Amino acid sequence: MAKDVTKAFGQGETVVRALDNVSCEIRTGEFFTLLGPSGCGKTTLLRLIAGFEMPSAGQILIDGQDVTGQPPNRRAVNTVFQSYALFPHLSVAENIGFGLKMKGIAKPEVDRTVREMLALVRLEAMAGRKTSQLSGGQQQRVALARALAPRPKVLLLDEPLSALDLKLRKEMQVELKRLQTETGITFVFVTHDQEEALTMSDRIAVMSAGKIQQLGAPREIYTKPRNRFVASFIGETNFLTATGVPGGAKLASGEVIAVDTGGKGGQITLAVRPEHVEITPPEAQGAIPAEVRGSVYFGTDMNYQIALPDGAEIEACVQSGVTGEALIGQGAKVGIRFAPGSVLMLED
Amino acid sequence: MARTHGASEAERLQAASSTRNAWALSAPALILLFCAAAGPLLVVLIYSFLTAGPTGGVVWDFSTEAWVGVLYTRDIFDDGNLVLADAHLTIFWRSVKISILTTLITFVLGFPTAWFIATRPLKERALWLFLITIPFWTNLLIRTFAITEIIRNEGLLNKILLGIGLISEPLRIMNTDTAVLIGMAYVYLPLMVLPLFAAIDRFDMRLLEAGYDLYASRLQVLRHVVLPIVKPGIIAGSILVFIPSLGAYVTPRVLGGGKNMMIGNFIELQFGQGRNWPLGAALSMTLLLIVMLAMIFYVRAATKGGKSHG
Ligand SMILES: Nc1ncnc2c1ncn2[C@@H]1O[C@H](COP(=O)(O)OP(=O)(O)O)[C@@H](O)[C@H]1O
Ligand SMILES: [Mg+2]
């Protein structure tokens with residue numbers, strides 16, 4: 001959909017490259033998420049797809065057609081704005097019917113679709129209300145219904161849930177997923193919340209500094225992060241510096257960890273999730289000798305800080321016991337083993 | 001039971017005393033309002049039912065002659081029979097027409113101006129607003145004469161147009177309705193811009209994108225999103241321009257010459273050379289009536305349009 005898109009704001013020395021040669025293809029009917037920290041260019045990419053901004057270079061294609069020069073009102077794309085941007089002078093029903101009316105659809109047809117949409121977002125009882133009389137969650141639904149009513153090819157959602165409290169957010173996550181499946185419309189969803197991205201998406205594009213760092217299914221992104229940024233942005237990760245040797249990677253203290261390095265020598269960065277670090281007795285077979293530095297209780301889990309022989313400190317996540325007490329005290333000599341296949345080599 | 005009864009009794013007393021307090025507190029304002037507005041109006045109303053004095057002023061004899069004189073003149077050759085006064089009707093009609101046109105022109109010019117100011121960075125905005133209010137610093141008469149200087153036959157406008165060869169003869173604008181209209185639009189433009197600015201300033205610009213996103217063209221966004229939302233500002237600005245326009249008298253006097261009178265000039269005439277104070281008073285009351293009717297009509301139409309909108 002987006003092809004070699006670059007968007008630069010400003011000129012001369014103050015130029016900001018909000019998007020730097022970004023390309024990605026979004027599949028029809030999928031729930032696609034743009035995930036990344038604030039300022040990485042998510043909104044910019046969304047605004048380029050919607051047509052509010054023109055790319056400095058590159059193209060936007062929808063259904064194989066170049067829409068780069070088309071204004072927003074000519075694109076079959078609708079947006080759910082972060083601020084909702086509901087029309088304060090119109091009722092809920094009139095808000096939802098706005099797009100259809102502007103498209104020149106006949107009134108009976110508009111009314112019928114509005115009723116359908118009201119039912120879809122469960123706001124039948126609110127049809128005649130002013131939008132200012134609705135709660136945040138209800139306004140959110142109106143914004144959704146309004147954007148879905150014209151049946152766009154793509155629905156863009158810019159952090160639509162960030163203004164809601166936690167409970168409502170969870171409800172709306174389920175609701176959004178339901179709406180997407182029921183309507184079959186392609187959703188492009190923006191969030192900086194990794195959990196939200198992992199639970200809702202078919203595919204995720206992890207962005208940072210105006211670039212897509214990795215694009216893939218949630219499981220793939222979590223289990224096979226390509227680089228240090230993705231690994232640390234999504235979930236907790238331990239990084240180890242090692243040297244590539246035949247059959248694995250050697251730590252500075254001499255232990256060799258089994259990992260597929262693709263034959264790469266020299267210094268490499270390894271990543272391993274805390275939940276894949278196993279604490280064993282020091283004499284266990286294949287264990288790396290280590291020492292417990294401390295522990296933090298997280299309810300279901302217990303996190304241990306463990307020092308390796310080369311001085312690096314890693315975390316191990318273990319399910320909490322019945323009492324919640326740390327079973328291994330500070331200073332205890334232990335062994336460390338990594339679950340088979342859990343250690344990854346990163347690109348940088 | 002007794003306790004709740006006591007409580008509600010106390011509440012009632014408190015409510016009563018707070019009503020009394022409210023009256024006491026608003027008394028100064030009410031007295032001022034009476035002295036400044038209702039009192040003079042009452043005097044005018046009474047004068048309109050008296051007989052004209054021989055050299056101005058009034059004689060305390062009840063008469064409806066002045067009110068008759070608003071619409072009719074007595075035919076001096078035909079035993080003083082009543083004849084519909086065409087000249088008066090022309091003046092009323094011209095006043096209403098010029099006021100409506102002034103309101104329209106100031107809106108058409110004022111809306112883009114107000115939009116421009118409201119979309120400037122916060123720091124610049126104060127400067128622009130300040131510039132808008134500068135004309136208020138000078139006397140109205142002087143400003144009007146300044147316009148004369150521009151539009152008269154040998155004035156700046158004609159000099160420029162002749163100079164660039166756009167016209168071969170000077171435009172005769174002075175002493176026409178057009179001249180009055182130009183002057184009125186200039187004088188009342190700030191009164192339109194300021195309320196419009198206040199309304200546009202409150203307008204959430206993100207709604208524009210929402211409109212474009214939902215297949216509305218620029219014009220449709222203006223018509224279906226911007227105008228309905230800033231309507232209170234449009235109503236306020238129109239009222240602020242229309243009412244003083246209807247009563248204007250300096251501008252039509254200077255730019256319209258003696259022929260193109262508006263109600264204001266006509267009223268002034270009665271208190272001056274005409275020496276017919278009761279007629280002047282009756283005309284003033286008529287003007288008030290026209291303004292009130294126009295406002296009721298306008299506000300009704302504007303709010304009804306809002307309800308059925310969409
Ligand atoms: N209109 C603009 N003018 C100048 N810089 C902008 C503009 N919009 C966004 N930026 C810059 O582009 C970068 C990306 O912004 P944005 O796309 O809003 O990020 P995100 O939505 O991921 O938080 C930021 O550095 C931001 O400051
Ligand atoms: Mg953003």
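Note that the structure is a prediction, hence the values are computed from the model and not measured.

Residue and element names in this part refer to chain B. A cluster of nonpolar residues, Ile150, Leu156, Leu157, Ile160, Ile164, Leu166 and Leu171, forms a patch on the protein surface that exposes about 640 Å² of accessible area. Tallying contributions element by element places helix 6 (residues 156–163) first for the nonpolar patch, with three residues. Here Leu157 shows up in helix 6. You can call Leu157 partly exposed: its relative accessible area is 31%.

On to the confidence of the model for chain B. Residue and element names in this part refer to chain B. Here chain B averages 87 in pLDDT, while 93% of its residues score no lower than 70. In the model of chain B, helix 1 (residues 2–47) stands out as the element of lowest mean pLDDT, 79, in contrast to helix 9 (residues 218–229), which has the highest, 95. Across residues 306–310, where pLDDT falls below 50, the model places nine contacts with residues more than four positions away in sequence or in other chains. Across the interface, the model reports ipTM at 0.80; the global pTM reads 0.80.

Our focus in this paragraph is the pattern of salt bridges. Enumeration over the complete set of coordinates arrives at 29 salt bridges over all chains. Here Glu209 of chain B and Arg47 of chain A are joined by a salt bridge, their closest N and O atoms 2.7 Å apart. Placement of the pair is Glu209 of chain B in helix 8 (residues 206–213) and Arg47 of chain A in helix 1 (residues 42–50), with the two residues belonging to separate chains. We note a salt bridge from Glu65 of chain B to Arg74 of chain B, for which the minimum N-O separation is 2.7 Å. Here the residues in one salt-bridge network are Arg122, Arg141, Glu175, Arg178 and Glu182 of chain A, joined through shared partners.

So, about the confidence of the model for chain A. Averaged over all residues, the pLDDT of chain A is 86; the fraction at 70 or higher stands at 95%. The least confident element of chain A, judged by mean pLDDT, is strand 1 (residues 2–9) of chain A at 57; the most confident is helix 2 (residues 92–102) of chain A at 95.

Grouped together as the largest cluster of nonpolar side chains are 62 residues, with contacts concentrated most on Leu34, Phe87, Phe98, Leu156 and Val188 of chain A together with Val230 of chain B. If we skip the residues at most four places from it in the chain, Phe87 of chain A touches Asn95, Phe98, Thr131 and Arg146 of chain A together with Leu207, Ala210, Gly211, Leu214 and Val225 of chain B. Among the nonpolar cores identified, the runner-up in size contains 34 residues, and Ile96, Leu148, Leu164 and Leu176 of chain A belong to it.

All names here are of chain A. What surrounds ligand 1 is a group of 11 residues, the closest being Gly39, Gly41, Lys42, Thr43 and Thr44. A distance of 2.5 Å separates an oxygen atom of ligand 1 from a polar side-chain atom of Thr43. Side-chain polar atom of Thr44 to an oxygen atom of ligand 1: 2.5 Å apart, as the coordinates give it. Compared with its free state, where it exposes 560 Å², ligand 1 has 59% of that area covered by protein. Among the secondary structure elements, those contributing two or more residues to the shell around ligand 1 are strand 2 (16–24) and helix 1. Looking at which element gives the most residues to the shell around ligand 1, the answer is helix 1, with three residues. Residue composition of the shell around ligand 1, by class: five nonpolar, five polar and one charged.

Moving on to unusual backbone geometry. Apart from glycine, the bulk of residues carry a negative phi angle, and the bulk of peptide bonds sit in the trans form. Residue and element names in this part refer to chain A. Non-glycine residue Asn21 carries a positive phi angle of around 55 degrees. Along the chain, Asn21 turns up in strand 2. Although it is not a glycine, Glu159 sits at a positive phi angle of roughly 40 degrees. Looking at where Glu159 falls in the secondary structure, it is placed in the loop between strand 7 (154–158) and helix 5 (166–183). Owing to a relative accessible area of 11%, Glu159 belongs among the buried residues under this scheme.

Think of a sheet as strands paired side by side through backbone hydrogen bonds, with each pair either parallel or antiparallel. All names here are of chain A. With antiparallel pairing, the five strands of this open sheet are ordered in space as 13-12-11-14-20. Looking along the sheet, the strands with just one partner apiece sit at the ends: strand 13 (256–257) and strand 20 (344–345). Inspection of the sheet shows strand 11 (residues 238–245) paired to strand 12 (residues 248–250) by three bridges, in the antiparallel sense. When the sheet's bridge partners are listed, Thr243 is paired in strand 12 with Lys250.

Time to look at helix 5 of chain A. All names here are of chain A. In a regular helix each residue adds 1.5 Å, so 18 residues correspond to 26 Å; helix 5 covers 26 Å between its end C-alpha atoms and thus fits that length. Taken as a whole, helix 5 has its buried residues at Arg169, Met172, Gln173, Glu175, Leu176, Leu179, Gln180 and Thr183. Looking at the packing, one finds that the buried side of helix 5 touches strand 3 (31–35), helix 3 (107–120), helix 4 (136–148), strand 7, strand 8 (186–191) and helix 6 (194–200). A positive phi of about 70 degrees marks Gly184, the residue just after helix 5.

Interface size, as often reported, equals the accessible area lost upon joining of the parts. Residue and element names in this part refer to chain B. As assigned here, chain B comprises domain 1 (1–47) and domain 2 (85–309). Between domain 1 and domain 2, the C-alpha centre-to-centre distance is 38 Å. Tallying the contact residues gives four residues for domain 1 and six residues for domain 2. Both sides of the domain 1 and domain 2 interface together cover about 430 Å² of buried area, and 88% of this is carbon and sulfur. Three residues stand out in domain 1 for area buried against domain 2, namely Leu41, Val44 and Tyr47, and they jointly supply 87% of the buried area on that side. Put simply, domain 1 and domain 2 have zero salt bridges between them. Here domain 1 is connected to domain 2 by zero residue pairs in polar contact (both at pLDDT 80 or more). Split into classes, the residues belonging to the side of domain 1 that touches domain 2 amount to four nonpolar, no polar and no charged.

Definitions and limits used
- Residues numbered from 1 in each chain as written.
- Chains lettered and ligands numbered in written order.
- Predicted model: local features only at pLDDT ≥ 70, side-chain atom pairs only at ≥ 80, totals over all residues.
- Heavy atoms only, no water.
- Patch = residues over 30% accessible without salt bridge, like charges linked within 9 Å, V, L, I, M, F, W, Y side chains within 5 Å.
- Areas by Shrake-Rupley, 256 points an atom, 1.4 Å probe, with all protein chains shown as cover.
- Salt bridge = Lys/Arg side-chain N within 4 Å of Asp/Glu carboxyl O.
- Helix = DSSP H or I, 4+ residues; strand = E, 2+ residues; numbered from the N terminus.
- Buried < 20%, exposed > 50% of the residue type's maximum accessible area, 1.4 Å probe, protein only.
- pLDDT = per-residue confidence, 0-100.
- Contact = heavy atoms within 4.5 Å.
- Core = buried A, V, L, I, M, F, W, Y, C linked by side-chain atoms within 4.5 Å.
- Near = heavy atom within 4 Å.
- Polar contact = N/O pair within 3.5 Å; in protein donor to acceptor, adjacent residues only side chain to side chain.
- Nonpolar A, V, L, I, M, F, W, Y, C, P; charged D, E, K, R; others polar.
- Pairing = 2+ DSSP bridges.
- Expected span 1.5 Å × (residues − 1).
- Domains from an automatic or database assignment.
- Buried area = accessible area lost by both parts, 1.4 Å probe.

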